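Now for the letters of each chain:
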Amino acid sequence: MKIRFWGVRGSIPSPGSKTVRYGGNTTCIEVETDDGETIILDAGTGIHPLSQSLLKKLPLSCSIFITHTHWDHIQGLPFFVPIFIPGNQIRIYGAFDPVLQKDIGDVLSRQMEYCYFPVREAELKADIKYNSLHERQPVEIGSARVTNIFMNHPVLTFGYRIDCNGKSMFFTGDNEKLYNIYQPGDDYYTEYENQISRKNALLDDFIRGVDVLIADSAYTEQEYPAKKGWGHGTYNSCVDMAKNIGAKALYLTHHEPLRSDDELDGIQKQLNAIEALPVCIAYEGLEITL
Amino acid sequence: MDTIRKDLIQSVEKMPAFPQSVHRVIELTSDINSDPRDLVKVIEHDPVLITKILKMVNSPYFGLAEKITSVNHAVVYIGINTVKNLALSTATLGVLPRTNNAGFDMDAFLLHSLSTATIARLFARRLKIQERDAFDFFLSGLLHDFGKVVFAHFLPNDFKQVLQIVKEEGLPLYEAEQRIFMTDHAQIGSLLGEKWNLPTHLITCIKDHHHHDRKESLIIDVVSAADQISKELKIGFGGENRIETIPDAIMDRFGANLQAVIDSLGDINAETEKALVFIQK
Ligand SMILES: [Zn+2]
Ligand SMILES: [Zn+2]
């Protein structure tokens, strides 16, 4: 399988002279399976340039997996050109929203309502099908299998694992390492600690041994304390996760909008010192072949 | 009878939570710096709110890979912000009126439920039951009489008659309910428990809390005993004062009679006070 990064920014698109090399588009990852099927992870603004490249494959059949419905992961969807072209088959997957009590299709079509977008969802020409996934519900796409697990973010977020012919990858979506909301001495401290261990064990088992781990590394250790609870990882938390689960390689994404190319280069230099596995800060256009 | 049940169970979907906790939820969800621990406590101390949240997270639409059995569990599994917004969506249904035509005092009822829950957890801790399972004891205590709020809120005039019968004839409340409704609060509560996908032992506990002799079950014995202690100490009021017999298993371990059992548990009032702080602030 081939993995291509089309958007590696978090929160908001960040064009400008300081983000030219790593890129300013928000989250979008293309996965091309061995038998040529197209899987897309998230529909941030990176999905727009991706859609241009897919126009040579018409009629297109593809599957889009949404980690969660925050803007930076869905904002490009109305500009995904294939949705306007008849004959294209587009499957969109994501989580049921327990707060709105609505499935992924209802949640996504909201951003195409009159006040936000000129074309209504009902007017799209492609054959679009939405599927709300249960946790761990597998989806077979050609020779690939996509499964999901809940991560830790302020909205429900799926991490997706893709397995294809013995090769595997996992994308965390947006994710913060779990921490105890209680203090030692509180009645619930130990109980909460146990719950965290159980959840971590489930997650580790789910991801264990993947060839490629793609993880949300929004913050530096210095920045993190002020952003605790915002639902994002740090460079260190991602490296720890990769080591824990025995990933063969780690790719870091969801860069802060203000993080300049030079800063990212500096961080990459520090990460090069890690011996356990190759760690790479992802940039737009980066391609991995497995 | 079946139609009464079905209608009631349907209606509970739209039943609002207790005013004290709705207030606190709105307060806590309007403050970006609020302490997540406070939110957990508020949810845990309102029988309506906690069941709505557990129902939503365990709904088959949602499809979590494991059953969520406590608020802390939900927070770890789906995150504090999602739990917060679930609580807020319940808060927007309004508040459960403090008074009703049945003359059933909702504040006193909440107090009875909370004290039963707290005492049940006190038992569980004395029995060295793991904290994770001790919460089941708390939750069973909190929900054991849920059916009564349902009657009082949705069928107040009939429930008034029930309370009248209890007063005049000295009948157990559930027998008076049977006479008027052909069903009782324990049955309605357990049917709701099934609908909400609560764990089976919790549902059985709600169903049999007035019949602890039906089967051997520690959680039923404990909740039944806690219920009697709450009535004996008059912490709140759940519609009747009649004290039932304490299960043998409880007397074997905690003392030969009700008073001895109470004495062995320590300062129950202080524990209950602690529980109330979260909804009275
Ligand atoms: Zn994001
Ligand atoms: Zn009862």
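Residues numbered from 1 in each chain as written. Chains lettered and ligands numbered in written order. Predicted model: local features only at pLDDT ≥ 70, side-chain atom pairs only at ≥ 80, totals over all residues. Heavy atoms only, no water.

> So what's going on with the environment of B:Val95? Residues and values would help.
Residue and element names in this part refer to chain B. Here Val 95 shows up in the loop between helix H6 (80-91) and helix H7 (106-126). Sequence separation of Val 95 and Val 22 is 73 residues, and the distance between their C-alpha atoms is 6.6 Å. When residues no more than four places from it in sequence are discounted, the contact partners of Val 95 are Pro 16, Ala 17, Pro 19 and Val 22. (Helix = DSSP H or I, 4+ residues; strand = E, 2+ residues; numbered from the N terminus. Contact = heavy atoms within 4.5 Å.)

> Please set out the sheet that holds strand S10 (residues 167-171) of chain A residue by residue, giving values where relevant.
Residue and element names in this part refer to chain A. The strand order across the open sheet built from seven strands is S7-S8-S9-S10-S11-S12-S13, with neighbouring strands paired in mixed fashion. The sheet is open, and its two edges are formed by strand S7 (139-141) and strand S13 (279-281), each paired on a single side. Neighbour-to-neighbour, the strand axes of this sheet turn through a mean angle of 20°, independent of strand direction. Summarising the sheet, strand S11 (residues 212-216) and strand S12 (residues 249-253) pair through five bridges and their orientation is parallel. Bridge pairing in S12 places Ile 214 opposite Tyr 251. (Pairing = 2+ DSSP bridges. Axes fitted to C-alpha atoms, helices over the stretch in contact; angles between N-to-C directions.)

> Break down the coordination of the zinc ion (ligand 2) for me, citing the residues and quoting the values.
All names here are of chain B. At 2.0 to 2.2 Å from the zinc ion (ligand 2) lie its protein donor atoms, namely Asp 145 (OD), His 185 (NE2), His 209 (NE2) and His 210 (NE2). Coordination at the zinc ion (ligand 2) comes from four donor atoms whose angles at the metal span 87 to 176°, giving a geometry best classed as irregular. Counting along the primary sequence, the residues that act as donors to the zinc ion (ligand 2) give the motif D-x39-H-x23-H-H. One end of the pair, Asp 145, is in the loop between helix H8 (131-143) and helix H9 (146-154); the other, His 209, is in the loop between helix H13 (200-208) and helix H14 (218-232), and 64 residues separate them in sequence. (Donors = N, O, S within 2.8 Å, 3.2 Å for Na, K, Ca; no water. Tetrahedral: all angles 85-135°; square planar, octahedral: opposite > 155°, others 65-115°.)

> Describe the sheet that holds strand S2 (residues 28-32) of chain A, and please don't skip the residues or the numbers.
Residue and element names in this part refer to chain A. Strand order in the open sheet formed by seven strands is S6-S5-S4-S3-S2-S1-S14, and the pairing between neighbours is mixed. In the strand order of this sheet, the two ends are held by strand S6 (127-133) and strand S14 (287-289), each with one partner. In this sheet, neighbouring strand axes are inclined to one another by 20° on average, regardless of whether the strands run parallel or antiparallel. Here strand S3 (residues 38-41) runs beside strand S4 (residues 61-65); their pairing, made up of four bridges, is parallel. Paired with Leu 41 across the bridge in S4 is Phe 65.

> Any chance you could break down the packing of H9(B) against helix H12 (residues 185-195) of chain B for me, citing the residues and the numbers?
Residue and element names in this part refer to chain B. Following both chains from N to C, one finds H9 and H12 inclined at 100°, their axes separated by 7 Å at the closest point. In terms of their interaxial angle, H9 and H12 are classed as roughly perpendicular. Across the interface between the two elements, Phe 146, Gly 147, Lys 148, Val 150 and Phe 151 from H9 touch His 185, Ile 188, Gly 189 and Leu 192 from H12. Across the contact of H9 with H12, the residue classes tally to five nonpolar, three polar and one charged. (Parallel < 35°, antiparallel > 145°, perpendicular 65-115°, else oblique. Nonpolar A, V, L, I, M, F, W, Y, C, P; charged D, E, K, R; others polar.)

> Describe the pattern of salt bridges, with residues and values.
Residues and elements named next belong to chain A. Using the criterion set out here, one finds 28 salt bridges over all chains in the structure. One salt bridge connects Glu 32 with Arg 4, and the closest N-O pair in it is separated by 2.9 Å. With Glu 32 in strand S2 and Arg 4 in strand S1 (residues 2-7), the pair connects residues that are 28 residues apart, well separated along the chain. Classification of Glu 32 as partly exposed rests on a relative accessible area of 22%. (Salt bridge = Lys/Arg side-chain N within 4 Å of Asp/Glu carboxyl O. Buried < 20%, exposed > 50% of the residue type's maximum accessible area, 1.4 Å probe, protein only.)

> Which residues make up the domain arrangement of chain B, and what values do they have?
All names here are of chain B. By domain assignment, chain B separates into domain 1 (17-91) and domain 2 (106-276). Between the C-alpha centres of domain 1 and domain 2 there is a distance of 23 Å. Taken over both partners, the interface formed by domain 1 and domain 2 buries close to 1600 Å², and the fraction arising from carbon and sulfur atoms is 69%. Three residues stand out in domain 1 for area buried against domain 2, namely Phe 18, His 45 and Pro 47, and they jointly supply 33% of the buried area on that side. Between the two partners, domain 1 and domain 2, sit zero salt bridges. A per-element tally of the side of domain 1 that touches domain 2 places helix H4 (residues 47-57) first, with six residues. (Domains from an automatic or database assignment. Buried area = accessible area lost by both parts, 1.4 Å probe.)

> Now, about the nonpolar core: what can you tell me, with residues and values included?
A:Phe5, A:Leu41, A:Phe65 and A:Met169 are the most contacted members of the largest nonpolar core, which totals 106 residues. The leading source of residues in this core is H4(B), at seven residues. Split by domain, the residues of this core number at least three in each of domain 1 (17-91) and domain 2 (106-276) of chain B. Not counting residues up to four positions away in its chain, the partners in contact with A:Phe65 are A:Ile39, A:Ile40, A:Leu41, A:Asp42, A:Tyr93, A:Leu133, A:Val139, A:Ile141, A:Val146 and A:Tyr160. Counting 26 residues, the second-largest nonpolar core is a separate cluster that includes B:Leu122, B:Ala134, B:Val223 and B:Ile246. (Core = buried A, V, L, I, M, F, W, Y, C linked by side-chain atoms within 4.5 Å.)

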